[in-house]
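Okay, here's what each chain looks like letter by letter:
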Amino acid sequence: MTSTQETTLPSPYENDPIKPYKGDPWLANLSTPINDSPIVNAFIRNLPAYRPGLTPFMRGLEIGMAHGYFLVGPEVVVGPLRETAHGANLSGLITAIYITVSACLGISIFASATFQGDPKGTYNSHSKDDLRPLRKKEDWFQIGGGVLLGATGGALFAYALLENFDDLDAILRGKVNVGMALSQWFG
């Protein structure tokens, strides 16, 4: 009688730093040291799109404020009105608002097209994918409204900073004593 010893062969992914995501090669994703590290996962889960406990409107508001603020800059620096005194700043504001309205229109079209009837896959309300927090048409409309309001406010704030840059620069360099100026009003 011969005894057969059962030997376990090493997995082809045992020493490889790049493995199938969650050990399943059929998920069409790879787990790398960059996209599956605890630091990266903590960072991604702290972004407003995935942070737990936020309403869709608040997610959109936070995303919109950051993007609206930074959309003004490229038009001011490289836009066609960059050589004019105040035209570049106003052009940056108008362009940022235009891009925001276009993005919100795209969000609305996506929500209307995706949620006709009962959607399948990751946007289903019964999906267990925690990186898809928006699973209803109303949630997408709320995030679109938040993006519109936040980006418009962020762009207006950037515009106000650019228009008053000389005054702010003088205050920060100590050329203007803000305390003395305010004491005249509250004296």
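What counts, and at which threshold
- Residues numbered from 1 in each chain as written.
- Predicted model: local features only at pLDDT ≥ 70, side-chain atom pairs only at ≥ 80, totals over all residues.
- Heavy atoms only, no water.
- Helix = DSSP H or I, 4+ residues; strand = E, 2+ residues; numbered from the N terminus.
- Buried < 20%, exposed > 50% of the residue type's maximum accessible area, 1.4 Å probe, protein only.
- Areas by Shrake-Rupley, 256 points an atom, 1.4 Å probe, with all protein chains shown as cover.
- Salt bridge = Lys/Arg side-chain N within 4 Å of Asp/Glu carboxyl O.
- Core = buried A, V, L, I, M, F, W, Y, C linked by side-chain atoms within 4.5 Å.
- Contact = heavy atoms within 4.5 Å.
- Axes fitted to C-alpha atoms, helices over the stretch in contact; angles between N-to-C directions.
- Parallel < 35°, antiparallel > 145°, perpendicular 65-115°, else oblique.
- Left-handed = near helix turned anticlockwise from the far one by under 90°.
- Nonpolar A, V, L, I, M, F, W, Y, C, P; charged D, E, K, R; others polar.
- pLDDT = per-residue confidence, 0-100.

A. Fine view of the overall build of the chain. Secondary structure summary: the chain contains six helices and two strands in total. Out of the 187 residues belonging to the chain, those deemed buried represent 22%. Carbon and sulfur atoms make up 64% of the accessible area of the chain, which amounts to about 13600 Å² in all.

B. Representation of the pattern of salt bridges within the structure. For the structure on display, the rule yields two salt bridges. Among the ionic pairs, Glu 62 bridges to Arg 51, the shortest N-O distance being 3.2 Å. Residue Glu 62 is located in helix H2 (residues 56-78), and its partner Arg 51 is located in the loop between helix H1 (38-45) and H2; the two are separated by 11 residues in the primary sequence. Judged by its relative accessible area of 30%, Glu 62 is partly exposed. Asp 169 serves as the salt-bridge partner of Arg 173, at 2.9 Å between the closest nitrogen and oxygen. For Asp 169, a relative accessible area of 27% gives the class partly exposed.

C. Focus on the nonpolar core. Ranked by size, the top nonpolar core spans seven residues in total: Val 72, Val 76, Ala 88, Leu 93, Ala 96, Ala 155 and Ala 158. Listing elements by their share of this core, those giving two or more residues are H2, helix H3 (87-114) and helix H4 (137-163). The biggest single contributor to this core is H3, with three residues. Sequence-distant contacts of Ala 155, defined by excluding residues within four places in its chain, comprise Gly 68, Tyr 69, Val 72, Leu 93 and Ala 96.

D. A look at the packing of H2 against H3. Interhelical geometry of H2 versus H3 gives an angle of 130 degrees and a closest axis separation of 8 Å. Relative to H3, the element H2 is oriented oblique. Crossing of H2 over H3 shows right-handed handedness. When H2 is examined against H3, the residues Gly 68, Leu 71, Val 72, Glu 75 and Val 76 are found in contact with a partner set consisting of Ala 88, Asn 89, Ser 91, Gly 92, Leu 93, Thr 95, Ala 96, Ile 99 and Thr 100. Split by residue class, the contact of H2 with H3 holds seven nonpolar, six polar and one charged.

E. Up close: the packing of H2 against H4. Running from N to C, H2 and H4 cross one another at 40 degrees; their axes reach a closest spacing of 5 Å. Of the two possible hands of crossing, H2 and H4 adopt the one that is right-handed.

F. Just the environment of Arg 51, in detail. For Arg 51, a relative accessible area of 22% corresponds to the partly exposed category. On a C-alpha basis, the gap between Arg 51 and Pro 133 in space is 9.0 Å, while along the polypeptide they are 82 residues apart. Those residues within four positions of Arg 51 in sequence are excluded, and the remaining contacts are Arg 45, Asn 46, Arg 59 and Glu 62.

G. Summary view of the environment of Gly 153. Mapped onto the fold, Gly 153 is located in helix H4. Note on Gly 153: relative accessible area 36%, which makes it partly exposed. Along the backbone, Gly 153 and Leu 61 are 92 residues apart, and their C-alpha atoms lie at a distance of 9.4 Å.

H. Spotlight on the confidence of the model for the chain. In this model, the chain carries a mean pLDDT of 83, and residues with pLDDT of at least 70 account for 81%. When mean pLDDT is taken per element in the chain, H4 scores highest with 94 and helix H6 (residues 178-186) scores lowest with 66.

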